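Secondary and tertiary structure notes
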Amino acid sequence: MLFFRSEEHVDHWCQANGVSKRPLVSLDQLWQLAVIWYGNRLTVESRRPGPQEMVTIFSQIGLEGPFWDPKSDQWATAP
Amino acid sequence: MDFDTSVKLNIYQMVARTTRMPTSIDVALGIGCSMADAEQAFQRLVEKRLLVLEPSSPSRIRMAPPFSGIVTQHQVKIQDKVYFANCAWDAFGIAAALKHDADIESACADCGETLQFQIRNGRPLPHEGVVHFAVPAAQWWQDIVYT
């Protein structure tokens, strides 16, 4: 989960490193994800979300599809 | 509060206060238990995917997300303290967890140029930059350090 200056830099990095390009996340989406995921991390109630909760959280901020599904087997056999 | 929750909170409170990741000795002293008990709790927290330990060292924590136990390229400055994050998500995550304005410094993974982000009043100020997740969610924990 790396920062890049722009999508052009993502393209260049993927090509140089032989990595498939995946969905991009904006800084605003990243912040929403950070707040939902870590906002109560220093409290007694804090816990890691379960798989279905993760799907719901990602969906709330516009990250949808099998890439964001921790239960998806579409990626399980990927090289 | 159960024992593992006490251990988890002690870890997070210590790293938040000092910026340094505690060891099992620190936690044992902090909550008044044996080092062995602290390390057994560490293992259970690893199984819950709340901690990552250093390889072959049950006493040392590599990651208590969003905090990193080692120096990384993702620095988060809050007041006079500098924390290290595990990844882009966790860099924003430290500001979210500590609920404070933050100055984040990282680098473009492609060209190495320094990237700076500011969190002010509960939101990031506009800045160029995007985040690329190279690994699908179903595979994050196959190699969480790489992820």
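A quick note: this is a predicted structure, and the numbers were derived from the prediction, not measured.

1. Topic: the domain arrangement of chain B
Once the domains are mapped, chain B shows domain 1 (3–57) and domain 2 (74–124). Taking the mean C-alpha position of each, domain 1 of chain B and domain 2 of chain B sit 24 Å from one another.

2. A few points about the interface of chain B and chain A
Every contact between the two is made by 40 residues of chain B and, on the other side, 40 residues of chain A. Of all the elements in the fold, those that place two or more residues in the side of chain B that touches chain A are helix 1 (3–18), helix 4 (88–98), strand 7 (114–120), strand 8 (123–124) and strand 9 (130–132) of chain B. The greatest single-element share of the side of chain B that touches chain A, amounting to six residues, is contributed by helix 4 of chain B. Partitioning the side of chain B that touches chain A into residue classes produces 25 nonpolar, nine polar and six charged. Across three bridges, strand 1 (residues 2–4) of chain A lies against strand 9 of chain B in antiparallel orientation. For A:Phe3, the partnering residue across the bridge sits in strand 9 of chain B and is B:Val131.

3. Brief notes about the packing of helix 1 of chain B against helix 2 (residues 24–31) of chain B
Helix-helix packing: each pair is described by the crossing angle between the helix axes and the interaxial distance. All names here are of chain B. It is the contact of helix 1 with helix 2, at a shortest axis distance of 10 Å, that shows an interaxial angle of 110°. Looking at the two axes, helix 1 sits roughly perpendicular to helix 2. Facing helix 1, whose interface residues are Ser6, Val7, Asn10, Ile11 and Met14, helix 2 presents Asp26, Val27, Gly30 and Ile31. Residue classes in the contact of helix 1 with helix 2 are distributed as five nonpolar, three polar and one charged.

4. With respect to the sheet that holds strand 9 of chain B
Spatially, three strands are ordered 1(A)-9(B)-2(A) in an open sheet, and the strand pairing comes out antiparallel. Of all the strands in the sheet, just strand 1 and strand 2 (24–25) of chain A have a single pairing partner and so form its edges. As judged from the two bridges shared by strand 2 of chain A and strand 9 of chain B, these two strands associate in the antiparallel manner. Bridged to A:Leu24 within strand 9 of chain B is B:His132.

5. What about the nonpolar core?
In terms of nonpolar packing, the biggest core is built from 54 residues, with A:Leu30, A:Ala34, B:Ala64, B:Ala88, B:Ile94 and B:Val131 touching the most fellow members. Here this core gets nine residues from one element, more than from any other, and that element is helix 4 of chain B. In this structure, this core is formed jointly by two domains, domain 1 (3–57) and domain 2 (74–124) of chain B, each of which donates at least three residues. Residue contacts for B:Ile94: discarding those within four places in its chain leaves B:Pro66, B:Phe67, B:Val76, B:Tyr83, B:Ala85 and B:Ala102.

6. Remarks on the confidence of the model for chain A
In low-pLDDT regions, the fine details of the predicted coordinates are not to be read closely. The predicted model of chain A has a mean per-residue pLDDT of 87, with 90% of residues at 70 or higher. Scored below 50 in pLDDT, residues 75–79 of chain A makes five contacts in the model with residues more than four places away or belonging to other chains.

7. Section: the pairing of strand 6 (residues 102–107) of chain B
Residues and elements named next belong to chain B. Side chains Ala102, Ile104 and Ser106 of strand 6 all project onto a buried face; the interleaved residues Asp103, Glu105 and Ala107 project onto a face where none is buried. One ladder, built from three bridges, connects strand 4 (residues 74–78) with strand 6; its direction is antiparallel. Directly across from lysine 77, in strand 6, lies its bridge partner aspartate 103. The sheet contact formed by strand 6 and strand 7 spans six bridges and is antiparallel. Residue pairing in the sheet places glutamate 105 in a bridge with glutamine 116 of strand 7. Here strand 6 folds back onto strand 7 in antiparallel fashion, the turn holding six residues, of which glycine 112 has a positive phi close to 85°.

8. Some points on the pairing of strand 5 (residues 81–85) of chain B
Residues and elements named next belong to chain B. Across five bridges, strand 4 lies against strand 5 in antiparallel orientation. In the sheet register, valine 76 faces strand 5, and the bridge partner there is tyrosine 83. What sits between the antiparallel neighbours strand 4 and strand 5 is a turn of two residues, in which glutamine 79 has the positive phi angle 50°.

Cut-off values and rules
Residues numbered from 1 in each chain as written. Chains lettered and ligands numbered in written order. Predicted model: local features only at pLDDT ≥ 70, side-chain atom pairs only at ≥ 80, totals over all residues. Domains from an automatic or database assignment. Contact = placed C-beta atoms within 7 Å. Helix = DSSP H or I, 4+ residues; strand = E, 2+ residues; numbered from the N terminus. Nonpolar A, V, L, I, M, F, W, Y, C, P; charged D, E, K, R; others polar. Pairing = 2+ DSSP bridges. Axes fitted to C-alpha atoms, helices over the stretch in contact; angles between N-to-C directions. Parallel < 35°, antiparallel > 145°, perpendicular 65-115°, else oblique. Core = buried A, V, L, I, M, F, W, Y, C linked by C-beta atoms within 7 Å. Buried ≥ 20, exposed ≤ 12 C-beta atoms within 10 Å, placed from the backbone. pLDDT = per-residue confidence, 0-100.

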